[in-house]
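# Secondary and tertiary structure notes
Here's the letter readout for the chains.
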Amino acid sequence: MFTSVSSKQVTGMARWLRFAWRQMNVQLQTRVLSWYTLALLLVQPAVFSGVGFALAHIAGRETPDLIYTIVGGGVMGLWSGMLFTSFFDVTRDRYEGTLELIVGSPTSLSTVLALRVLANIFTGSISLLGSFVIAALGFRLALPDTSFPVLILSLAIMLFAFWCAGVFLANFHAWSRVSGSFINYIEMPVAVIGGFMFPASVLPLWLLPLSTVLPLRWAVAALNAALAGSSDMDLAPDWLLALGLSALYLIAAYWLSIRVHDKIRVTGELSSI
């Protein structure tokens, strides 16, 4: 009996992993073949880093702040790519006529969206990886005091925070079409209050409450502190805040997904999505 149950569980897990890989594979191919996505991941981060470098040069600094200027440009690319690709996935499904197939399949819409966002995070990491390569080769960024386990953990927490934010945004758009009217206006404000390219501590006092409830702010701050050589004990508060707030975003996304499916059951149509 125990062997039979274990075998079924293993088979079910293997099927789910195969489904997850296929879904993410399709999403990755879609993103790689899109010129719009490549512009978000490659061109836009280079522009932000270039502007930061120019401003630092005008201010009299021959070498810019590599953490906030170069790496910050990569974080901006990750944020922009995740924001627009994850948020408008439902819109693309609606236009292409695949939304009905997804909702009618045994796999829930929220699961499909979560896997797509994960693929978008992997794709967006190209910007972050490119920023590290440029910092190491182009500017000879050295990390003599950096603990690599702390750096890897901080990077993993940051990617998790971005994934949670992406899952929330994707489900929020499925819940309300009106949200698409203002999504273009939150890209730069979130980057500003999140401290992607400068410390969030320099923000005006009236913006700090908005910055505090954003998990991306604490996750990015932890990554930057890890690059600067901070220890795990110093980063523990940022890690805990990033993880705790990210969990709240996931709970909100789960609640939104329940509302979406309840609305479908009541109306019997997909026009509400």
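### Details of the overall build of the protein chain
When helices and strands are tallied, the protein chain shows 11 helices and 0 strands. Along the protein chain, from the amino end to the carboxyl end, the secondary structure elements read α-α-α-α-α-α-α-α-α-α-α. Counting only residues that meet the buried cut, the protein chain has 45% of its 273 residues in that class. A separation of at least 24 residues holds for 81% of the contacts in the protein chain among residues at least 6 apart in sequence. For the protein chain, the accessible surface area stands at approximately 14,200 Å², while carbon and sulfur atoms represent 71% of it.

### Observations concerning the nonpolar core
Grouped together as the largest cluster of nonpolar side chains are 60 residues, with contacts concentrated most on W79, M158, F162, F196 and L216. Those elements that place two or more of their residues in this core are α3 (66-87), α5 (99-104), α6 (109-138), α7 (148-175), α8 (187-193), α10 (215-227) and α11 (232-267).

### A short note on the packing of α7 against α10
Between α7 and α10, the shortest axis-to-axis distance is 9 Å and the interhelical angle comes to 160 degrees. In terms of orientation, α7 lies roughly antiparallel with respect to α10. For the pair α7 and α10, the crossing hand works out as left-handed. Residues V150, L151, S154, L155, I157, M158, A161, F162 and A165 of α7 lie in contact with α10, whose contacting residues are P215, L216, A219, V220, A222, L223, A226 and L227. Looking at side-chain class alone, the contact of α7 with α10 contains 16 nonpolar, 1 polar and no charged residues.

### Describing the side chain of S80
Mapping S80 onto the fold places it in helix α3. You can call S80 buried: its relative accessible area is 0%. In terms of polar contacts, S80 uses its side chain to reach the side chain of E187, at 2.5 Å.

### As for the packing of aromatic side chains
Here the structure, examined in full by the defined rule, presents 5 aromatic pairs. Note on F168 and F172: the rings are 5.8 Å apart at their centroids and 25 degrees apart in plane angle, and the pair reads as stacked. Here F168 pairs with F172, and both are found in helix α7, just 4 residues apart, close to one helical turn. For F168, a relative accessible area of 21% corresponds to the partly exposed category. For F172, a relative accessible area of 22% puts it in the partly exposed group. With a centroid separation of 5.5 Å and an interplanar angle of 70 degrees, the aromatic rings of F168 and Y249 are classed as edge-to-face. Taken as a pair, F168 in helix α7 and Y249 in helix α11 lie far apart in primary sequence, 81 residues in all. The exposure class of Y249 is partly exposed, given its relative accessible area of 22%. Aromatic rings pair up to connect W79, F162 and F196 into one cluster. Above the ring of W218, the side-chain terminus of R217 is found at 4.0 Å from the ring centroid.

So, how was this worked out
Residues numbered from 1 in each chain as written. Predicted model: local features only at pLDDT ≥ 70, side-chain atom pairs only at ≥ 80, totals over all residues. Heavy atoms only, no water. Helix = DSSP H or I, 4+ residues; strand = E, 2+ residues; numbered from the N terminus. Buried < 20%, exposed > 50% of the residue type's maximum accessible area, 1.4 Å probe, protein only. Contact = heavy atoms within 4.5 Å. Areas by Shrake-Rupley, 256 points an atom, 1.4 Å probe, with all protein chains shown as cover. Core = buried A, V, L, I, M, F, W, Y, C linked by side-chain atoms within 4.5 Å. Axes fitted to C-alpha atoms, helices over the stretch in contact; angles between N-to-C directions. Parallel < 35°, antiparallel > 145°, perpendicular 65-115°, else oblique. Left-handed = near helix turned anticlockwise from the far one by under 90°. Nonpolar A, V, L, I, M, F, W, Y, C, P; charged D, E, K, R; others polar. Polar contact = N/O pair within 3.5 Å; in protein donor to acceptor, adjacent residues only side chain to side chain. Phe/Tyr/Trp six-rings, centres within 6.5 Å; stacked < 30°, edge-to-face > 60°. Lys NZ or Arg CZ within 6 Å of the ring centre and 35° of its normal.

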